[in-house]
Amino acid sequence: MMKTLPRLLAAAVTSLPLIAHSAALEINIGYVGFEPDHGPVLSNILPEPADAGLKGAELGINDNNTTGRFLKQHYTLHSVSTDQPTEVVSAAIRLYDQGVRLFVLNLTTEQLTAVERELPDDVLLINSGSQDNRLRTQACVPGMLHTIPSRAMLTDALAQWLASKRWNRWLIIEGNQNGDQLYAASLERSAKRMGAKVIERKQWDFDTDLRRTAQKELPPFTQTDEYDVVVVADERGDFGEYVPYNTWYPRPVVGTQGMSPVAWHRVVEAWGAAQLQSRFEKLADRWMNSRDYASWAGVRTLGEAVTQTRSSDPAELQRFILSDKFQLGGFKGRKLDYRGWSGQLRQPIPLVHPRALVSQSPQEGYLHPKTDLDTLGFDASESQCSVKGDA
């Protein structure tokens, strides 16, 4: 060891001038977020923070600069958040005109498509906002990467856990919002994939105030053939919070309420996640949520690619990100990388209730020729997408 150490120190000293004399690299990353007014909801849910996603991007920039300081790389975030859908595309164009070529976009599916259509081809776009399955299958946005999990990844993660419990008879309850119906459709796909049976799929379309009437209205609504579990699709939180303990049969509740599959949650603490949580809370004065995590992962993806390639060219970064050489440390117990066919970030999915981590999917025993992470969401044979630069 004593003979080896001087050689290591000599090698390190020899390499320092190469870094010191190299030109400083300025990396500009644009963040565009759409924060709409969701209108009144029918329950006492905690509202989504107005800066969800943005604070994750800011933390990612801080983390990039922590590493970049030693490599003469400096990262700057140019952020625009709006509640006006007509301003999204123009905001992205303004950032492009200012020289930004790398974008993290917390937007809807339609807005993502519009931004890609209006911007020139010399950009790299990362979706941190839309969970739409169609973006990973047939309504593909050319060249786009996705750090936020698709709905299919979430519902497959949940279905694997339910299968491990042998809770194979599902009652699905969905809301009347478009997102609820897309989530419920994804649940049906996952049920079929994992061998579960949907006893019934019912839509909650009442406008009653369940804060006062849940005990009276929900038991008869959930009365049907016997089921093992109630699976809720209520992304906005209109009624789902009141389903637990109010079902006809005494059964667990999972889905968007109860025990939920998420990209991130404050109860994730293993694999160094507590450190990430602490740094985020210090920055934002609140807990990190899934959109924050997806935006953080998008900015960190760009930082990792720049560090490894010593380039800020979007095409070169994309090629590296989609290659077998790329890995992202995501505080989920696994090194994360991207699916070449859809640009989706492979990642484990935590299954949580509000105060604890229950499990993490993929569950043990789910095998795949490449990686068990590809048992979550759409595999290559299920997708019509083709990402630019994919070999």
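The preceding data block contains the structure.
Residues numbered from 1 in each chain as written. Predicted model: local features only at pLDDT ≥ 70, side-chain atom pairs only at ≥ 80, totals over all residues. Heavy atoms only, no water.

## Considering the overall build of the protein
Rules: Segments assigned H or I by DSSP are reported as helices when at least four residues long, segments assigned E as strands when at least two residues long, and all are numbered from the N terminus. We compute the radius of gyration from the C-alpha atoms alone; for a globule the expected value is 2.2 Å times N to the 0.38, where N is the number of residues. Here's how the labels work: a residue is buried when its accessible area is under 20% of the maximum for its type, exposed when over 50%, partly exposed in between, all with a 1.4 Å probe on protein chains only. Contacts between residues were defined by any pair of non-hydrogen atoms, one from each residue, lying within 4.5 Å. Values of accessible area rely on a 1.4 Å probe in the Shrake-Rupley scheme; residue burial ignores everything except the protein chains shown. In this tally Asp and Glu are treated as negative and Lys and Arg as positive; neither His nor the chain ends contributes. Note on charges: their place is set at NZ of Lys, CZ of Arg, CG of Asp or CD of Glu.
Scanning the protein from terminus to terminus reveals 10 helices and 14 strands. In terms of C-alpha radius of gyration, the protein reaches 22 Å, essentially the compact-globule figure of 21 Å for 391 residues. Judged by the C-alpha coordinates and their principal axes, the protein covers about 75 × 55 × 40 Å. Considering the protein as a whole, with its 391 residues, one finds that 53% of them fall into the buried category. Long-range pairs, those at least 24 residues apart, make up 69% of the contacts in the protein between residues at least 6 apart in sequence. Of the roughly 18,200 Å² of accessible surface on the protein, 51% is carried by carbon and sulfur atoms. For the protein, the distance from the average position of its 42 positive side-chain charges to the average position of its 47 negative side-chain charges is 7 Å.

## Quick word on the pattern of salt bridges
As a reminder, the rule being used: Within this document, salt bridges are pairs made up of a side-chain nitrogen of Lys or Arg and a carboxyl oxygen of Asp or Glu, the two lying within 4 Å of each other.
Counted by the stated rule, this structure contains 21 salt bridges. Here Glu226 and Arg251 are joined by a salt bridge, their closest N and O atoms 2.4 Å apart. Here Glu226 is found in the loop between α7 (210-221) and β8 (229-233), whereas its partner Arg251 is found in the loop between β8 and β9 (253-255), with 25 residues between them in sequence. Looking at Glu226, the relative accessible area reads 43%, which means it is partly exposed. Relative accessible area serves as the criterion here: at 23%, Arg251 is assigned to the partly exposed category. The closest approach of N and O atoms between Asp337 and Arg346, which form a salt bridge, is 3.1 Å. On the accessibility criterion, Arg346 (2% relative accessible area) is buried.

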